[in-house]
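What follows is the residue order along each chain.
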Amino acid sequence: MDVVGPLDRGLAVLRAMSAPGGHRMRPSELARATGLARSTVDRVLATLIHLGHLREVDREVELAPPLMEPGNAYLTGCGVPDALGPVAERLADEFDESVSIAVPDGDGVRFVTQITRRRTMSLAFRIGDLLPAERCAPGALFAAGWDEADRAAWLDRRDSPERFPAVPARPATSAEVFDERVARAVADGWSADDQLIEPGLIAVAVPVRDPVGRTACAVSVVSHTSRHTVASLAEATLPRLRAETGAMEEALARALAEQAASSGTRGTRGARTAGTGGAAGAAGTARTAEEGVPVVGADPARTAKRELGPEFLQSLARGLTVLCALDGTRSLSAVADATGLARATARRALLTLEHLGYVERLGHDFRLLPRVLELGYAHLSSLGFAEIVQPHMADLVRRTRESASMAVLDGDDIRYVARVPTYTIMSVDITLGTRFPAYATSMGRVLLADLPHAERAALLAGTAARPITGRTVTDPAELTRIIDGVAERGHAFVDEELEEGLRALAVPVRDGTGRVVAALNVATHAARGPAEEALAALLPPLTDTAARIEADLRVVTRRKRLRLP
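First, a word on scope: everything that follows refers to the structure included in this document. (Residues numbered from 1 in each chain as written. Predicted model: local features only at pLDDT ≥ 70, side-chain atom pairs only at ≥ 80, totals over all residues. Heavy atoms only, no water.)

1. Examining the pairing of strand S8 (residues 201-209)
Reasoning step 1: Of all nine residues making up S8, eight are buried, and the element is well covered by its neighbours.
Reasoning step 2: Linking strand S7 (residues 191-194) to S8, which pair antiparallel, is a turn of six residues; within it Gln-195 sits at a positive phi near 60 degrees.
Reasoning step 3: Taken together, the nine bridges between S8 and strand S9 (residues 215-224) define a ladder with antiparallel strand orientation. Looking at the pairing, Ala-203 lines up with Val-222 of S9.
Reasoning step 4: Hairpin connection between S8 and S9: a loop of five residues separates the two successive antiparallel strands, and Gly-213 in this loop has a positive phi of roughly 95 degrees. (Buried < 20%, exposed > 50% of the residue type's maximum accessible area, 1.4 Å probe, protein only. Helix = DSSP H or I, 4+ residues; strand = E, 2+ residues; numbered from the N terminus. Pairing = 2+ DSSP bridges.)

And the structure:
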């Protein structure tokens, strides 16, 4: 077939960077890891950085949260996490054990849902991690449906542990031993993992079938030998797992039916493009050159190609756009309409992605396969809040040459959860966990401004406001007026109210629902110029940084809950 070379090479670079230890690499290291020419790697990196999937850090590049979009599209389109996630949470609470949901991925097992119990020894697998079928409970259930080609592929692969970096290497499992486990799983209707992954870890799993009777996924309960044996874990959990299987299969069937019903209509409403940077804009849609108005179904790669010239690999960008558009089963026409691509261009991208194992063809339709999760999803989905915001804050410090901080509301105080200082002769010394009264700080006023009026009034009424400096506002009525103004303007400027000589400007940071979850500020010394000049110079980069953080948070939290420090 006519493989789209730039798309093939771009995905090879992303796979290399998704490997353990490869999340941040130099271009020269990527050239060695992929076998590509350095000039080719440079063009791939320029394109991926423009799209927002990678970002530059000094002389290296690292994975960036927008790369999660293809994985998010798969998780939405497959229906499993949305349909079965609530059941998994309920079972985890009932058993007081970790519960996982996995799907088959060739001769491997890919995790798509993890409900983890927090203990000293707890499950450390991430969404997107790949396990060998012979070393986990779901694998025997999935292998029962293998054909001869699948089995042959597994036999060839057993001696290639590098494909499964999430588990410790072990000698290859004999075919006879695995065949016995598969036969037992078929006979019993469930499967066990008795320390196959690593010593001490045990699990039992049951299959969940799709409407045509294939094993679509497996639900596992995972424990430790300090709490259970395999026999006692099975005795404690299998009756409930079996009782829930029918309901889970019905929920999955409904989800798949809804996907099928909506797949034909979504194509005309537009799809997320591959990335949030460059020509695509923060919302991931193309814009007209004249008005900057989002255009549904336009091709942003064309604009980027005009701006960046030969360094921008248009076919790579278009292929990644196609990946992000497949958040369900779609026809070629629907993909073309959603991405703004010509049918021939969309077809070439889809066939290349099919050839590489990321897309499956079902008659005239296409859908994503779980392999797309190998593109950095496990690493990026495990990032903590501070890890998401820190690179953006570091960039803000470089642009403003002032210290940047982020805080959350904690009672009537703010608490610092992230900080990037600037090192000057005269700088502000604040550490993570530092608390200040919310009423006297720029970040506190931003956070208070987002509260419902009654809650804000009650909090201010219960705060014993005291003058910290000669300029601190303590009058409740005046504070209410100031915070109302912050809510209208969208930013707060505090001039020497917390400390003499210290000015701070803050803006809100919102999650995907629009709720303010934190505040971002920059602090400067009053001696550096008039307040008006400081506000004019600092507000644009501050609001731009907050918007970039919010874009990353939307991607990261599309399929998982946001946990604040």
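Having seen it, we continue.
2. Quick notes on the nonpolar core
Reasoning step 1: One finds Met-406 and Leu-520 to be the most contacted residues of the largest nonpolar core, which totals 111 residues.
Reasoning step 2: Looking at this core element by element, the count peaks at nine residues for helix H9 (residues 230-266).
Reasoning step 3: Counting 27 residues, the second largest nonpolar core, distinct from the first, contains Ala-137, Trp-154, Val-182 and Ala-185. (Core = buried A, V, L, I, M, F, W, Y, C linked by side-chain atoms within 4.5 Å.)

3. Topic: the packing of helix H17 (residues 453-461) against helix H18 (residues 476-489)
What describes two packed helices is the angle between their axes and the distance between those same axes.
Reasoning step 1: Packing of H17 against H18 leaves a shortest axis separation of 11 Å and a crossing angle of 140 degrees. The handedness of the crossing between H17 and H18 is right-handed. Two secondary-structure elements touch here, H17 through His-453, Arg-456 and Leu-460 and H18 through Thr-480, Ile-483 and Asp-484.
Reasoning step 2: Counted by class, the contact of H17 with H18 contains two nonpolar, two polar and two charged residues. (Axes fitted to C-alpha atoms, helices over the stretch in contact; angles between N-to-C directions. Left-handed = near helix turned anticlockwise from the far one by under 90°. Contact = heavy atoms within 4.5 Å. Nonpolar A, V, L, I, M, F, W, Y, C, P; charged D, E, K, R; others polar.)

4. With respect to the sheet that holds strand S2 (residues 54-57)
Reasoning step 1: Read across the open sheet, the three strands follow the order S1-S3-S2; overall the sheet is antiparallel. If you trace the sheet from one side to the other, it starts and ends with strand S1 (24-25) and S2, each paired once.
Reasoning step 2: When S2 meets strand S3 (residues 60-63), the two strands line up antiparallel, connected through four bridges. Looking at S3, one finds that Leu-54 is bridged to Leu-63.
Reasoning step 3: Against the sheet, helix H1 (residues 5-18) contacts S1, S2 and S3, and its axis sits at roughly 85 degrees relative to S3.
Reasoning step 4: Across the face of the sheet, helix H3 (residues 38-51) comes into contact with S2 and S3 while running at roughly 105 degrees to S2.

5. Let's talk about the packing of aromatic side chains
Reasoning step 1: The full count for this structure, using the stated rule, is four aromatic pairs.
Reasoning step 2: Ring plane angle 55 degrees and centroid distance 6.0 Å describe the contact between Trp-146 and Phe-178, whose orientation is recorded as tilted. Placement of the pair is Trp-146 in the loop between helix H6 (137-143) and helix H7 (148-157) and Phe-178 in helix H8 (residues 175-188), with a sequence separation of 32 residues. With respect to burial, Trp-146 and Phe-178 carry one shared label: buried.
Reasoning step 3: Both rings, one in Tyr-416 and one in Phe-436, keep their centres 5.9 Å apart while their planes meet at 80 degrees; by these two values the pair is edge-to-face. Here Phe-436 lies in strand S17 (residues 435-437) and Tyr-416 lies in strand S16 (residues 413-420), a separation of 20 residues in the sequence.
Reasoning step 4: Judged by its relative accessible area of 5%, Tyr-416 falls in the buried class.
Reasoning step 5: On the accessibility criterion, Phe-436 (21% relative accessible area) is partly exposed.
Reasoning step 6: Aromatic rings pair up to connect Trp-146, Trp-154 and Phe-178 into one cluster.
Reasoning step 7: Here the guanidinium or amino end of Arg-371 rests over the ring plane of Tyr-358, the centre of that ring lying 5.0 Å away. (Phe/Tyr/Trp six-rings, centres within 6.5 Å; stacked < 30°, edge-to-face > 60°. Lys NZ or Arg CZ within 6 Å of the ring centre and 35° of its normal.)

6. Details of the sheet that holds strand S20 (residues 516-525)
Reasoning step 1: Taken together, the six strands give an open sheet; going across it, the order is S17-S16-S15-S20-S19-S18, and neighbouring strands pair in antiparallel fashion. Taken across any chain shown, the strands that pair with only one partner, and hence form the sheet edges, are S17 and strand S18 (492-495). Between one strand axis and the next, the sheet turns through 30 degrees on average, direction left out of account.
Reasoning step 2: Relative to S20, strand S15 (residues 403-410) is paired through five bridges, and the arrangement is antiparallel. Bridge assignment links Ala-407 to a residue of S20, and that residue is Ala-519.
Reasoning step 3: Sitting on the sheet, helix H15 (residues 385-400) is in contact with S15, S16 and S20, with an inclination near 70 degrees to S16.
Reasoning step 4: Together, S15, S16, S18, strand S19 (502-510) and S20 form the strand contacts of helix H16 (residues 442-449), whose direction differs from that of S20 by roughly 155 degrees.

7. Here we look at the environment of Ser-315
Reasoning step 1: When you line up the elements, Ser-315 lands in helix H11 (residues 314-325).
Reasoning step 2: Judged by relative accessible area, which is 26%, Ser-315 ranks as partly exposed.
Reasoning step 3: The spacing of Ser-315 and Pro-6 is 309 residues in sequence and 6.3 Å in space, taken between C-alpha atoms.
Reasoning step 4: With sequence-adjacent residues up to four places away left out, Ser-315 is seen in contact with Val-4, Pro-6 and Leu-7.

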